[in-house]
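Next come the chains, spelled out residue by residue.
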2 protein chains.
Amino acid sequence: MAEKETEISRLGEFGLIDRLTADLPKTNASTIRAVGDDAAVLRYPDTDILVTTDLLLEGVHFDFTYMQPKLLGYKAAIVNFSDIYAMNGTPRQITVSLGISKRFTVEHIDQLYEGIRAACEVYGVDIVGGDTSASRQGLVISITCIGDVARDRAVTRSGAKDTDLICVTGDLGAAYMGLQLLEREKAASAGRPDFVPDFAGKEYLVERQLHPQARRDIVEALAKEGITPTAMMDISDGLSSELLHICKASQCGCRIYEERIPIDYQTAIMAEELNMNLVTAALNGGEDYEQLFTVPLTDHDRVAAIPGVRIIGYITKPDLGAAMVTRDGTEIPMQAQGWNAFTEPEK
Amino acid sequence: MAEKETEISRLGEFGLIDRLTADLPKTNASTIRAVGDDAAVLRYPDTDILVTTDLLLEGVHFDFTYMQPKLLGYKAAIVNFSDIYAMNGTPRQITVSLGISKRFTVEHIDQLYEGIRAACEVYGVDIVGGDTSASRQGLVISITCIGDVARDRAVTRSGAKDTDLICVTGDLGAAYMGLQLLEREKAASAGRPDFVPDFAGKEYLVERQLHPQARRDIVEALAKEGITPTAMMDISDGLSSELLHICKASQCGCRIYEERIPIDYQTAIMAEELNMNLVTAALNGGEDYEQLFTVPLTDHDRVAAIPGVRIIGYITKPDLGAAMVTRDGTEIPMQAQGWNAFTEPEK
């Protein structure tokens, strides 16, 4: 612990909570009472309410070797906002639970919370509660987000229909490639305190991994165009995995075109450098936090006009299954090779 | 791992979630869509909404040496329900996030979830979402509970007023004494596989620690009597700590009478056996999940008539501070000696 750093035990649980939650802004009319009671009080008389939650564990979901606490806080918040946008909603409140081991100082947690607050400010969300505790090992972050959506306008995974267009926002695989790059530099730095990681020409990949954003703009653009997706979900585990979720929930099949999958040139260069299959990375790399959605064929022109949206294929009848059509016209059945944390060895 | 037990990696994250959330009942009209999308969809047009969350970490909040997974699941759920009742509300939905290390099998998690489901059935709550992940060490349980309360009828910690009566439900200190007993038997059993713990005559203490209930009955009884508490909170960290929270939030002082603090005879016997101060245990022992509330003096007769409620003192002006009046009439300033997990050594 460096000089001027403070042990958390000096503040205690309530002191730490008071410090972290001092002067929390209140942005949303639906926030009636926030931190400081057994529960927060919210009011949503006219809309439906969305609730989502994400658990992030040190050593599984993040690594402080290259993740600064402030960026981690930001990311922990936006992964939840992304889920609310994926329902066609707007995030309004979060609760933040932290489990903190002795390794962390008050200043570390200040920075983490600063990142959470920054994300909340950018996306207009109120912090309304949480729980704070010691942990025996590592940092635990559990955030629950509450949002709203006009009544009966929530977009689920189960509404995709035969001939619907399949759309994705942004580009895919960059966050995964960023992770590979960070892991490579981490390995290279082992035992070399003077090591300076080299991210030149790959800043976008690092940014996508360490400082992702949630696609609020897409929900707003769809609303502006008067388009309600038939199905939508965010891409956190990889395009293949998410598409299969939609096919299963909507009882349909799909075809996507390899050549239509949006990939940034930095992602392509990195895949080449690492000798990895680029399309596999774009299909199965997680943490892009882009939105995947389907719209009726009749919305083609309007959806095609939205900047940053790419039509990558279409929904089929269920018996056709889910497949990718390669550049040479071959159909390859899609498989969910999404990351299975349960197969990782316990450390 | 015993025969017939299943490694979680065999199911993977989605397989495990499907298994745990199969055939979830839907009890509440406010539950529009539950598990299976990026977020749950709820609808509360006429009431205020309450949100609370609790994080439970292995080695900090529970110990599998004496806590069975099913009871742990039950307890993890009811500690959240208790927070909703403490706001004068009714719990309606929970999300359940689990971080699971390699040590656990599918069967362990089945039992844990069975306990959560059992608590939900008893208290009429729907499971609407969650997150499931591997953890590097131990079990992490993060539950968020959503409830409702008639508009503007939430009871916070900040409404207590001079001359209000201070009331508690049930009895205090038993869960803490149960923990001492379980820890004593755990220590005695070390290295003795044939050891049989002796809980004779102390079953109530063990029950209070391992299988606590939330005081739904009190919220219902208060409503039936037409009493709205001026302040309320549940006793999870100990009576002293909670009373000081109410005094701080309500800007008041208080007097409670030592002789009025409700204590079960098993708690008293155990304190004697362990040579501990009984009143200290009742004031500072946590995890009772009883309700502490204040009512106007004019409600005296009606509140006194509710079974299981004890009037233990009264609210004062702030300059009188918070104190306990002992049996011999001495005033002892109250201190929050509630458990500070942050001072525990990291193991």
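Cut-off values and rules
Residues numbered from 1 in each chain as written. Chains lettered and ligands numbered in written order. Predicted model: local features only at pLDDT ≥ 70, side-chain atom pairs only at ≥ 80, totals over all residues. Heavy atoms only, no water. Salt bridge = Lys/Arg side-chain N within 4 Å of Asp/Glu carboxyl O. Helix = DSSP H or I, 4+ residues; strand = E, 2+ residues; numbered from the N terminus. Buried < 20%, exposed > 50% of the residue type's maximum accessible area, 1.4 Å probe, protein only. Pairing = 2+ DSSP bridges. Axes fitted to C-alpha atoms, helices over the stretch in contact; angles between N-to-C directions. Contact = heavy atoms within 4.5 Å. Buried area = accessible area lost by both parts, 1.4 Å probe. Nonpolar A, V, L, I, M, F, W, Y, C, P; charged D, E, K, R; others polar. Least-squares fit on C-alpha atoms with pLDDT ≥ 70 in both. Core = buried A, V, L, I, M, F, W, Y, C linked by side-chain atoms within 4.5 Å. Phe/Tyr/Trp six-rings, centres within 6.5 Å; stacked < 30°, edge-to-face > 60°.

K.L.:
Lay out the pattern of salt bridges with the relevant residues and their values.
P.N.:
Residues and elements named next belong to chain A. Applying the stated rule across the entire model yields 46 salt bridges over all chains. With a shortest N-O distance of 4.0 Å, Arg-208 and Asp-288 are connected by a salt bridge. Taken together, the positions of Arg-208 in helix H5 (residues 203–210) and Asp-288 in the loop between helix H9 (278–284) and strand E10 (290–295) put the pair 80 residues apart, joining distant regions of the chain. The burial state of Arg-208 is the same as that of Asp-288; both residues are buried. Salt bridges linked by common partners bring Arg-208, Arg-215, Asp-217, Asp-288 and Glu-290 together as one network.

K.L.:
Describe in detail the sheet that holds strand E6 (residues 140–150) of chain B, supporting the description with residues and values.
P.N.:
Reading across the sheet, the 6 strands line up as E1(A)-E2(A)-E3(B)-E6(B)-E4(B)-E5(B) and stay open at both edges, with mixed pairing between neighbours. The two strands at the open ends of the sheet, each matched to only one other strand, are strand E1 (31–33) of chain A together with strand E5 (126–134) of chain B. The mean inter-strand angle of the sheet, taken between neighbouring strand axes irrespective of direction, is 25 degrees. As paired strands, strand E3 (residues 47–57) of chain B and E6 of chain B are joined by 11 bridges and run antiparallel to one another. Within E6 of chain B, the residue paired with Val-51 of chain B across the bridge is Ile-146 of chain B. Lying on the sheet, helix H1 (residues 8–20) of chain B is in contact with strand E4 (90–100) and E5 of chain B; it crosses E5 of chain B at an angle near 165 degrees.

K.L.:
Lay out the interface of chain A and chain B with the relevant residues and their values.
P.N.:
Listed per partner, the contact involves 76 residues of chain A and 77 residues of chain B. Overall, the association of chain A and chain B removes approximately 6300 Å² of surface from exposure, summing both partners, and the carbon and sulfur fraction of that is 55%. Counting across the interface, chain A meets chain B through 10 salt bridges. The shortest N-O distance in the salt bridge between Asp-48 of chain A and Arg-43 of chain B comes to 2.5 Å. In terms of residue count, the dominant contributor to the side of chain A that touches chain B is strand E3 (residues 47–57) of chain A (9 residues). Considered class by class, the residues forming the side of chain A that touches chain B number 29 nonpolar, 24 polar and 23 charged. Note: strand E2 (residues 40–42) of chain A against E3 of chain B, 3 bridges, orientation antiparallel. Across the sheet, residue Ala-40 of chain A finds its bridge partner in E3 of chain B, namely Val-51 of chain B.

K.L.:
Tell me about the relation of the copies chain A and chain B, and please be specific about residues and values.
P.N.:
Once chain A is rotated about the relating axis by 180 degrees and shifted along it by 0.0 Å, it coincides with chain B to within an RMSD of 0.0 Å. The superposition operator between the copies reduces to a two-fold rotation axis. Measuring from the rotation axis to each C-alpha of chain A, the shortest distance belongs to Pro-45 of chain A, at 2.0 Å. When the interface residues of chain A are mapped onto chain B, 100% of them are again interface residues, pointing to one common binding face.

K.L.:
Could you give me a rundown of the sheet that holds strand E9 (residues 253–257) of chain B, with the residues and numbers involved?
P.N.:
Residues and elements named next belong to chain B. Ordered in space as E8-E10-E7-E11-E9-E12-E13, the 7 strands form an open sheet in which the pairing is mixed. Edge strands, defined here as strands with exactly one partner in the open sheet, are strand E8 (231–235) and strand E13 (331–333). Between one strand axis and the next, the sheet turns through 25 degrees on average, direction left out of account. Pairing of strand E12 (residues 322–325) with E13 involves 3 bridges; the strand directions are antiparallel. Paired with Met-324 across the two strands is Ile-332, which belongs to E13. Across the sheet, helix H7 (residues 239–250) lies against strand E7 (165–169), E8, E9, strand E10 (290–295), strand E11 (309–316) and E12, angled at about 155 degrees from E8, the strand it touches most.

K.L.:
Give a detailed account of the nonpolar core, specifying residues and quantitative values.
P.N.:
Generally speaking, nonpolar side chains in soluble globular proteins are found buried as a group. Core analysis: the largest hydrophobic core is formed by 52 residues, its most contacted members being Phe-81, Ile-94, Leu-98, Ile-109, Ile-116, Leu-139 and Ile-141 of chain B. A total of 9 residues in this core trace back to one element, the largest contributor, which is helix H2 (residues 69–85) of chain B. Those residues within four positions of Ile-94 of chain B in sequence are excluded, and the remaining contacts are Phe-81, Ile-116, Cys-120, Val-125, Asp-126, Ile-127, Val-128, Gly-129, Ile-143, Thr-144 and Cys-145 of chain B. Membership of the second largest hydrophobic core comes to 51 residues, among which are Phe-62, Val-206, Leu-210 and Val-219 of chain A.

K.L.:
A description of the packing of aromatic side chains should follow, citing residues and the corresponding values.
P.N.:
Residues and elements named next belong to chain B. One pass over the structure, following the stated rule, counts 10 aromatic pairs over all chains. Relative to Phe-64, the ring of Phe-62 lies with its centre 5.3 Å away and its plane at 75 degrees, an arrangement referred to as edge-to-face. A residue is classified by how much of its surface remains accessible, and Phe-64, at 22% relative accessible area, is partly exposed. Between Tyr-257 and Tyr-314, the ring centres sit 6.3 Å apart and the planes meet at 45 degrees, which makes this aromatic pair tilted. Placement of Tyr-257 in strand E9 and of Tyr-314 in strand E11 is noted, with a sequence separation of 57 residues between them.

K.L.:
Describe the pairing of strand E8 (residues 231–235) of chain A, listing the residues and the values that go with them.
P.N.:
Residue and element names in this part refer to chain A. Of all the 5 residues making up E8, 5 are buried; the element is thus mostly covered by neighbouring parts of the structure. Bridge count between E8 and E10: 5 bridges; the pairing is antiparallel. Pairing of Met-232 across the sheet is with Phe-293, part of E10.

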